[in-house]
Amino acid sequence: MLCFCLILLLEEISGGRMLSFSGLPGTGKIKENSLAGAWVYTFNVNLSSPSNTLETGDPIIINSNPLTKAFRISPVSLLQYNVATTGNPILDYETMPHTFELQILICDKAGAQALQILSVVVLDEDEPPEFQGNLATQTVMVYILENTPPGIVYQFHAVGSTNSTSTTLSYSWTPEGPFSVSPTGTIFSTKAFDYENDLPSYPLKITVNNGQGLNTTGTVIINIININDESPYFTIAKRVFGIKEEETIGTIVTTITAVDPDGELFNNSLHYSITAPQRIPYFSINPDNGVIQVASRIDRDIAPLNQHANITLEILAEDSPSYGQSSSITIVITIEDINDHPPECQRYVFREQFQETISPGTVIVDLQNICSDGDAVAPNNLFNFTGLSGVGSHKFAQDPPGSGRITLVGNMDLENKTGGAEKDYILKIVVEDIVWPFFRNNIYIFVRVLPVNEFMPVFSSPSYVFNASEILAVMSEIGKVTATDEDVPSTGISYSIVAGGGTWDYSKIFWIDPEEGMVHIVAQLDYEETQRYLLTVQASDNEGGTTDVQVTVNVLEANDEKPVCSASSHLLEVPMDLTSGTNINGLYITCVDRDSSPRSFRYFINSGNVNNHFTFSPSAGSGSSRLILASPFDYKGGLDRVWEYRLEVLITDDNLLSMANGSTALVQTGSVTLTIKVIPNPTTVVPTTVRSFLHYLFTLSVVDPVPSKVM
């Protein structure tokens, strides 16, 4: 069939055209295993006309028997061409046909065509041994698990060429390393490989030699497969960390890093966790990157952190995929105290009372024991007291300074006028942290100084003498006692009479104003009864303190007694012709005065002494006096017409008073009434129109010679 087609084609082409091949048909020879581009055959093309040219791309191989792409045509010159190998595939005498027939076609632009056959004979060569299977065509990748015991790694096969005179093949390999190759092509490992310490792969160059100088080399790469046989280890050197309390949630404390010796696959999937996190809720760890963060509020100042500031965390690092290997590390996170609490006191207002006799150095208040700072440790929980100020603060001080132990340094004596003591003091002191931000609070101290009854009342005089006239009116003031009390503030002085007077009823005679100290008489004094009273007056400060003083009341004699005469009235009869100078009826008036001497008496007739017939002798200076007819009666001459005289005789006690004192002195007067009947002679006719008797009333006054003193 092929020959028939070829004859038809040749006839068609030769139909009067000159386009032809030179050198074809022909036979070319090529050795097996020749490389691409190896020369096979050369031919020329004859054009039908010099002006003609071949079609672009001609000549071409339009067919082959058997089909192959192992050959190609390439120009050598304008009309000369070579047939060469393409290398696809490599010619192999043992596996491929030994002859190929190539149909080569040429066409010019005039439309002429020519077709010839080139026979290519493949020549057998003495070839090197050949690997069979995968190693014959590619690099073989072999995988073994790390820690696999020494043993068979791979089995390969090689054969010699069919035309080789040697049937024995030998093997060699490089690098020698931890492998060996048996005469039968078995690769053995001589050790158990550790992925973390050995090479991850071993490329072995396997050479098979046929003993005649021909060999073939193949590559077997033995890869060590990493398995999860190593526990992760931590790479951080620092194991103790610090963080301030009250850091915001999410604050990064540190990053825990670990490495898995098993390699990157495991490193990239390490899983971090905190052992028993429910017991330590303050921190969390990112399971992927080991970042430890604050998970909840951390207060260093409350239990348990106020006693134990170190938090111990056990960090677990596990590898993937099933967390088969793990390691743990213990880290300590120290919670650092910050000054976030001000000093706080049980009270901020104090009211203290002290007696004025308090001694300097006495502790007024000790604030140290009632104030505290909630911060956990020093210096954050340390504070002092500053800025003692306020009314009277100069009298107080802190001992020692800053301690809050406030002591008295001044004098609290309220009576000390130069010390400036006050009854009330208002102090302010500041309790303040000693470190930033210096939290502070104000404390107010009210100090009241209580007066002490230190002093007894003191009278202005060691004793008092009052003179009181016996004629003073009841409730008259006779004198004032005055007592003072140096205690400040004054509680007042009250007065009372506690003893004295010389009589059991003295209290009914004197009364003292309890507030003013004024002494009054409440009953009439009588010099003639008592001339002196000794009183004990007591001054009380109303707080138990008392002082007594003696008060002498001298009762001054006053002319308060009138002369009293024996027989206050007398009835007398005298004859009408009685001679003048006669003591009438021998009458003597005798008078006495309790507070006046008889020498102070004066006698005079106050009324009834008509025509002055009567007088007294002596008229003054005596305790008794005679009634004398001073002038005779004259009835006959008509001078007298009264036959009965009623005389009012006054006896005064002012005889010894001078003219100057007489106008102011108190004069007491006694009186005697005398009725004198004049007896007519028998021959005398008494007029009927006239009373039968003349009554003369004499009033005798007795004057006290000593002027009275009115108190």
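Residues numbered from 1 in each chain as written. Predicted model: local features only at pLDDT ≥ 70, side-chain atom pairs only at ≥ 80, totals over all residues. Heavy atoms only, no water.

1. Looking at the overall build of the protein
From N to C terminus, the protein includes four helices and 53 strands. Sorting the 711 residues of the protein into buried and exposed places 41% on the buried side. In the protein, the share of contacts with a sequence separation of at least 24, taken over all contacts with a separation of at least 6, comes to 69%. (Helix = DSSP H or I, 4+ residues; strand = E, 2+ residues; numbered from the N terminus. Buried < 20%, exposed > 50% of the residue type's maximum accessible area, 1.4 Å probe, protein only. Contact = heavy atoms within 4.5 Å.)

2. Some thoughts on the sheet that holds strand E2 (residues 26–31)
Spatial ordering of the open sheet is given by E2-E8-E7-E4, a layout of four strands whose pairing is mixed. Edge positions in the sheet fall to E2 and strand E4 (60–65), since each has one partner strand and no second. Across the sheet, the axes of successive neighbouring strands diverge by a mean angle of 30°, strand direction being ignored. In this structure, strand E7 (residues 99–107) lies alongside strand E8 (residues 113–123), joined through nine bridges in antiparallel fashion. Paired with phenylalanine 100 across the bridge in E8 is valine 120. (Pairing = 2+ DSSP bridges. Axes fitted to C-alpha atoms, helices over the stretch in contact; angles between N-to-C directions.)

3. Concerning the pattern of salt bridges
Across all of its chains, the model carries ten salt bridges by this definition. Of the charged contacts, one joins lysine 31 and glutamate 125 as a salt bridge, the two residues approaching to 3.6 Å between their closest N and O atoms. Here lysine 31 is found in strand E2, whereas its partner glutamate 125 is found in the loop between E8 and strand E9 (130–132), with 94 residues between them in sequence. Residue class for lysine 31 comes out partly exposed when judged on its relative accessible area of 46%. For glutamate 125, a relative accessible area of 25% puts it in the partly exposed group. Its salt-bridge partner being glutamate 561, residue arginine 594 comes within 3.8 Å of it at the nearest N-O pair. Taken together, the residues span a long stretch of sequence, with arginine 594 in the loop between strand E47 (583–592) and strand E48 (602–607) and glutamate 561 in the loop between strand E44 (546–556) and strand E45 (564–565) at a distance of 33 residues. With a relative accessible area of 53%, arginine 594 lands in the exposed category. Since its relative accessible area comes to 19%, glutamate 561 is described here as buried. Three or more residues joined by partner-sharing salt bridges are found here, namely Glu246, Arg297 and Asp299. (Salt bridge = Lys/Arg side-chain N within 4 Å of Asp/Glu carboxyl O.)

4. Quick word on the packing of aromatic side chains
Applying the stated rule across the entire model yields 21 aromatic pairs. Three or more aromatic residues joined by ring pairs form one cluster here, namely Phe614, Phe633, Tyr635, Trp643 and Tyr645. The ring centre of phenylalanine 446 lies 4.6 Å from the NZ or CZ of arginine 351, which sits over that ring. (Phe/Tyr/Trp six-rings, centres within 6.5 Å; stacked < 30°, edge-to-face > 60°. Lys NZ or Arg CZ within 6 Å of the ring centre and 35° of its normal.)

5. Some remarks on the state of the cysteines
Scanning all chains against the criterion turns up two disulfides. Between cysteine 345 and cysteine 371 runs a disulfide, and the two sulfur atoms are separated by 1.9 Å. Every disulfide takes its handedness from the sign of the S-S torsion; for cysteine 345 and cysteine 371 that torsion is 100°, giving right-handed. Pair noted here: cysteine 345 is in strand E27 (residues 343–345) and cysteine 371 is in strand E30 (residues 371–373), with a separation of 26 residues, a long-range link. A relative accessible area of 7% means that cysteine 371 is categorised as buried. (Disulfide = S-S within 2.5 Å.)

6. Section: the sheet that holds strand E26 (residues 326–336)
Ordered by their spatial adjacency, four strands build an open sheet running E19-E26-E25-E22, and the pairing between neighbours is mixed. Of all the strands in the sheet, the pair left with one neighbour each is strand E19 (240–244) and strand E22 (271–274). Strand-to-strand twist in this sheet, taken as the mean axis angle between neighbours without regard to direction, amounts to 30°. Two elements, E22 and strand E25 (residues 310–318), share four bridges in a ladder whose sense is antiparallel.

7. Digging into unusual backbone geometry
With omega at -10°, the peptide bond leading from leucine 24 into proline 25 counts as cis. Its location among the elements puts proline 25 in the loop between strand E1 (20–22) and E2. With an omega dihedral of 0°, the bond running from alanine 378 to proline 379 counts as a cis peptide bond. Mapped onto the elements of the fold, proline 379 is located in the loop between E30 and strand E31 (383–391). Notably, glutamate 246 is not glycine yet its phi reads approximately 65°, a positive angle. Take glutamate 246: it is sitting in the loop between E19 and strand E20 (252–255). Using a relative accessible area of 27% as the deciding quantity, one classes glutamate 246 as partly exposed. Phi at asparagine 542 is positive, roughly 70°, even though this residue is not glycine. In this structure, asparagine 542 sits in the loop between strand E43 (532–540) and E44. The partly exposed category is assigned to asparagine 542, whose relative accessible area is 47%.

8. Focus: the confidence of the model for the protein
Looking at the protein, pLDDT values average 85 and 88% of them are 70 or higher. Contacts for the low-pLDDT stretch residues 688–711, under 50 throughout, to residues beyond four places or in other chains number 158 contacts. (pLDDT = per-residue confidence, 0-100.)

9. Concerning a nonpolar patch on the surface
Taken together, the side chains of Met141, Tyr143, Leu145 and Ile225 present a nonpolar region at the surface, about 370 Å² in accessible area. Per element, the largest residue contribution to the nonpolar patch is three residues, and it comes from strand E10 (residues 140–145). Overall, the relative accessible area of 31% leaves isoleucine 225 in the partly exposed class. (Patch = residues over 30% accessible without salt bridge, like charges linked within 9 Å, V, L, I, M, F, W, Y side chains within 5 Å. Areas by Shrake-Rupley, 256 points an atom, 1.4 Å probe, with all protein chains shown as cover.)

10. Some remarks on the environment of threonine 530
Within the element layout of this structure, threonine 530 appears in the loop between strand E42 (518–521) and E43. With relative accessibility at 22%, the residue threonine 530 sits in the partly exposed group. The spatial distance from the C-alpha of threonine 530 to the C-alpha of valine 555 is 7.2 Å, given a sequence separation of 25 residues.

11. Quick look at the nonpolar core
One finds Phe614, Leu627, Val649 and Leu674 to be the most contacted residues of the largest nonpolar core, which totals 27 residues. Within the residue set of this core, elements represented by two or more residues are strand E46 (569–575), E47, E48, strand E49 (614–617), strand E50 (624–629), strand E51 (644–653) and strand E52 (669–679). (Core = buried A, V, L, I, M, F, W, Y, C linked by side-chain atoms within 4.5 Å.)

12. Comments concerning the environment of isoleucine 338
Among the secondary structure elements, isoleucine 338 is positioned in the loop between E26 and E27. Judged by its relative accessible area of 24%, isoleucine 338 is partly exposed. Not counting residues up to four positions away in its chain, the partners in contact with isoleucine 338 are Lys244, Glu245, Glu246, Asp375 and Asn380.

13. Looking at the side chain of glutamate 470
Its place among the elements puts glutamate 470 in the loop between strand E37 (463–469) and strand E38 (477–480). Look at glutamate 470: it is buried, it has no salt bridge, and the nearest opposite charge is arginine 594 at 7.7 Å. (Lys, Arg positive; Asp, Glu negative; His and termini not counted.)

14. With respect to the environment of threonine 95
Within the element layout of this structure, threonine 95 appears in the loop between strand E6 (80–85) and E7. A distance of 2.7 Å separates a polar atom in the side chain of threonine 95 from a polar atom in the side chain of aspartate 92. (Polar contact = N/O pair within 3.5 Å; in protein donor to acceptor, adjacent residues only side chain to side chain.)

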